[in-house]
Amino acid sequence: MLKFSSVRCNSFINNADVVKYVAKAKDALAVLNDETGAGNDFLGWKRIASSTPESLIADFEAIRDKWIAKGVDLVVVIGIGGSYLGAKCAVEAFKHNFIHSGKAPEIVFAGHNLSEDYLAELEDYMNLKNVATICISKSGTTTEPAVAFRLVKAYIEAKYADAKERIVAITDAKKGALKTLATEQGYASFVIADNVGGRFSVLSPVGLLPICVAGYDIRALLKGAADMEEVCLSSSEENPSLQYAAIRNLLYSENKKSTEVLVTYNPKLTFFAEWWKQLFGESEGKDCKGIYPASVAFTTDLHSMGQFIQDGSRIMFETVISVENAARKVVIGKDEANLDGLNFLAGKRLEHCNKMAELGTKLAHIDGGVPQIEISIEKIDEYNIGQLFYFFEAACGISGYMLGVNPFNQPGVEAYKKNMFALLEKPGYEAQAAALKARL
């Protein structure tokens, strides 16, 4: 089971403040549990892991098996923000770093940028593969995924007689451009529930279908999350989500630590940090409040960001995700010449070196004035990543209410869209276009 520790914050905080902020966290958790707070119409994620029906999982598996039978070896998952980051971070965590297994289709992602080069190179790759697509969009009109879907849909329709069997939509239950198209064309479709926001949607069809199609065990993913439900919604002071929310808000409010750096020591978790950054950045960054979420992948980034973390502005604390057991075993050998001077490591596992680097870094950064929260999981697999997903989602809801914001909306996201539409001369934006062009 996931473990939480704030022992390496003890020299930076006092017990009276801990008691105070745990009490505040309990009050915020009560608001979350009672569903009386701001954004309470977006709490469908709370019990989604334990309530997902077996029939839905079977539907996902049927699509995967159908595509495998057709020889599909590339699935383009189209979405942006929460519509792709959850699936992306899970696939990156579970897959081999270098070799595609071939047992299930390869998953690639599109619709999360407007890069012409990216989409042109996607076309190049599709030309080498047998292709299907999953388009994830509540409205079907968000610019980035809509543009990518136009391109991928046109490619599939031009190449395959069974095009409609190669396209799946995950969208609104009743309305929107993508829902209308799916109904008209007869695409298989799944629902993005109205009460589940994008950044909390990884345990819904939004994340589950792509992860399943990639060949991973979504039952174990859901089991890990479901096992955390009762733990993370409990008012017990042993609740790790409650503890995490309390300590991070204490460090922010009392110690003026305005930046949280999520630290990983396994490259498989690099995109997990990207998912985490959206979760907390979009949930808490409003009303001129919020802890800025950043991330580093050690030991790699010790050679780039390590200097700043050690000696730079004392505005940060670290949250370290520690993986207790590696999945593979690599032992360092002996070299007779010993030109690199590393024979003292001969016979040791590489993961032992990684752990000593982790421990040494923790001690150095504490000495440099950086408090550290620690979260540990047994290993990187579906069950443990499911636990991490739910732990952070619950903590985010608690922490947002402690901060005094609505953790489930994102009003600031629309500002860039309005400017972009005006500059692209979208009908209805003429006045704003004129004003922006005058500024430019």
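All figures in this text were calculated on a predicted structure; none of them were measured in a lab. (Residues numbered from 1 in each chain as written. Predicted model: local features only at pLDDT ≥ 70, side-chain atom pairs only at ≥ 80, totals over all residues. Heavy atoms only, no water.)

Student: Help me understand the overall build of the chain in this model?
Tutor: Across its full length, the chain holds 16 helices and 10 strands. For 440 residues, the compact-globule estimate of 2.2 N^0.38 gives 22 Å, and the chain sits close to it at 23 Å. Taking the principal axes of the C-alpha coordinates as reference, the chain spans close to 65 × 60 × 50 Å. Burial analysis of the chain (440 residues in total) assigns 51% to the buried set. Accessible area for the chain stands at about 19800 Å²; split by element, carbon and sulfur atoms hold 53% of it. (Helix = DSSP H or I, 4+ residues; strand = E, 2+ residues; numbered from the N terminus. Rg over C-alpha atoms; globule rule 2.2 N^0.38 Å. Buried < 20%, exposed > 50% of the residue type's maximum accessible area, 1.4 Å probe, protein only. Areas by Shrake-Rupley, 256 points an atom, 1.4 Å probe, with all protein chains shown as cover.)

Student: It is not clear to me how empty space enclosed by the protein should be interpreted in this structure. Could you clarify?
Tutor: The method is simple in principle: a probe with the dimensions of a water molecule rolls over the atoms, and the space it marks as empty is what remains. Within this structure, the stated rule accounts for 1 cavity of 30 Å³ or more. Taken as a whole, the largest cavity spans an internal volume of roughly 50 Å³. Forming the boundary of the largest cavity are Y265, N266, I321, V323, E351, N354, K355 and E358. The set of elements that each furnish at least two residues to the lining of the largest cavity consists of β9 (316-323) and α13 (350-367). No other element matches the 4 residues that α13 contributes to the lining of the largest cavity. Tallied by class, residues from the lining of the largest cavity come to 3 nonpolar, 2 polar and 3 charged. (1 Å grid on protein atoms, 1.4 Å probe; cavity = no way out; pocket = protein on both sides within 12 Å on 5 of 7 lines; lining within 4 Å. Points joined across faces, edges and corners; volume = space filled by probe spheres on them. Nonpolar A, V, L, I, M, F, W, Y, C, P; charged D, E, K, R; others polar.)

Student: Any chance you could explain a negative patch on the surface here in plain terms?
Tutor: Taken together, E116, D117, E121, E123 and D124 make up a surface patch of like negative charges. Along the polypeptide, E116 turns up in helix α5 (residues 116-126). E116 gets classed as exposed once you look at its relative accessible area, which sits at 68%. (Patch = residues over 30% accessible without salt bridge, like charges linked within 9 Å, V, L, I, M, F, W, Y side chains within 5 Å. Salt bridge = Lys/Arg side-chain N within 4 Å of Asp/Glu carboxyl O. Lys, Arg positive; Asp, Glu negative; His and termini not counted. Charge placed at Lys NZ, Arg CZ, Asp CG, Glu CD.)

Student: Explain the sheet that holds strand β3 (residues 106-110) here, please?
Tutor: By definition, the strands of a sheet pair up through backbone hydrogen bonds, in either a parallel or an antiparallel sense. Strands sit in the order β3-β2-β4-β5-β6 across an open sheet of 5 strands; the sheet is parallel. With partners counted over all chains shown, the strands left at the sheet margins are β3 and β6 (188-191), one partner each. Strand after strand, the sheet turns through a mean of 20° between neighbouring axes, direction not considered. Bridge analysis of strand β2 (residues 74-78) against strand β4 (residues 131-136) gives 5 bridges, and the strand direction is parallel. Residue pairing across strands places V75 opposite A132, the latter belonging to β4. (Pairing = 2+ DSSP bridges. Axes fitted to C-alpha atoms, helices over the stretch in contact; angles between N-to-C directions.)

Student: Help me understand the pairing of β3, please; the structure alone is not making it clear to me.
Tutor: Extensive coverage of β3 is indicated by the burial of 5 of its 5 residues. Burial along β3 is two-sided: E106, V108 and A110 facing one way and I107 and F109 facing the other are all buried. The pairing of β2 with β3 spans 5 bridges and is parallel. Counterpart to V77 in the pairing with β3 is F109. Taken together, β2, helix α4 (residues 85-94) and β3 form a β-α-β motif whose crossover is right-handed. (Right-handed = clockwise from strand over helix to strand, strands pointing away.)

Student: I keep staring at α13 and nothing clicks. Help me out?
Tutor: An α-helix turns once every 3.6 residues. As a result, residues three or four positions apart point the same way. The end-to-end C-alpha distance of α13, which contains 18 residues, comes to 26 Å, matching closely the 26 Å that a straight helix rising 1.5 Å per residue would cover. Taken together, the buried positions of α13 are occupied by C353, N354, E358, T361, K362, H365 and I366. On the buried face of α13, the contacting elements are α12 (306-311), β9 and β10 (372-377). Positive backbone phi, approximately 95°, marks G369, located one or two places after α13. (Expected span 1.5 Å × (residues − 1). Contact = heavy atoms within 4.5 Å.)

Student: Looking at this model, I keep getting lost on the packing of helix α9 (residues 218-232) against helix α14 (residues 382-403). Mind explaining?
Tutor: Each pair of packed helices can be summarised by the angle the axes make with each other and by the distance between the axes. Put simply, α9 and α14 touch, their axes get as near as 6 Å, and they point 40° apart. For the element pair α9 and α14, the recorded crossing hand is right-handed. Of α14, the residues touching α9 (which contributes A220, L221, K223, G224, A225, D227, M228, E229 and C232) are E382, Y383, I385, G386, Q387, F389, Y390, F391, A394 and I398. Looking at the contact of α9 with α14 residue by residue, the class counts come to 12 nonpolar, 3 polar and 4 charged. (Left-handed = near helix turned anticlockwise from the far one by under 90°.)

Student: How should I be thinking about the pattern of salt bridges in this particular structure?
Tutor: Any two side chains of opposite charge can pair if their charged atoms end up close together. Evaluation of the coordinates by the stated rule reveals 30 salt bridges. Across the salt bridge formed by E54 and R219, the nearest N and O atoms sit 2.4 Å from each other. Taken together, the residues E54 in helix α3 (residues 54-69) and R219 in helix α9 connect sequence positions 165 residues apart. A single network of salt bridges, built from pairs that share partners, joins R8, K355, E358, K362 and E374.

Student: Would you mind going over the nonpolar core with me for this structure?
Tutor: Nonpolar side chains in soluble globular proteins tend to end up buried together. Counting 97 residues, the largest nonpolar core has I134, W275, F389 and F392 as its most contacted members. Other than its neighbours up to four places away in sequence, F389 contacts G86, C89, A90, V202, L203, L221, F272 and W275. One finds A110, A148, V152 and A163 within the second-largest nonpolar core, a separate group that totals 23 residues. (Core = buried A, V, L, I, M, F, W, Y, C linked by side-chain atoms within 4.5 Å.)

Student: Can you walk me through the sheet that holds strand β1 (residues 3-5) in this structure?
Tutor: Here 5 strands make up an open sheet; going across it, the order is β1-β10-β9-β7-β8 and the pairing mixed. Each edge of the open sheet carries a strand with a single partner, namely β1 and β8 (292-297). Averaged over all adjacent pairs, the angle separating strand axes in this sheet is 20°, with direction ignored. In this sheet, β8 lies alongside strand β7 (residues 259-264) in parallel orientation, the contact comprising 6 bridges. The residue bridging V261 from the neighbouring strand is A294, located in β8. Packing against the sheet, helix α10 (residues 240-253) makes contact with β1, β7, β9 and β10, and its axis sits at approximately 25° to β1. Its contacts with the sheet put α14 on β1, β7, β9 and β10, and the angle it makes with β10 is roughly 145°.

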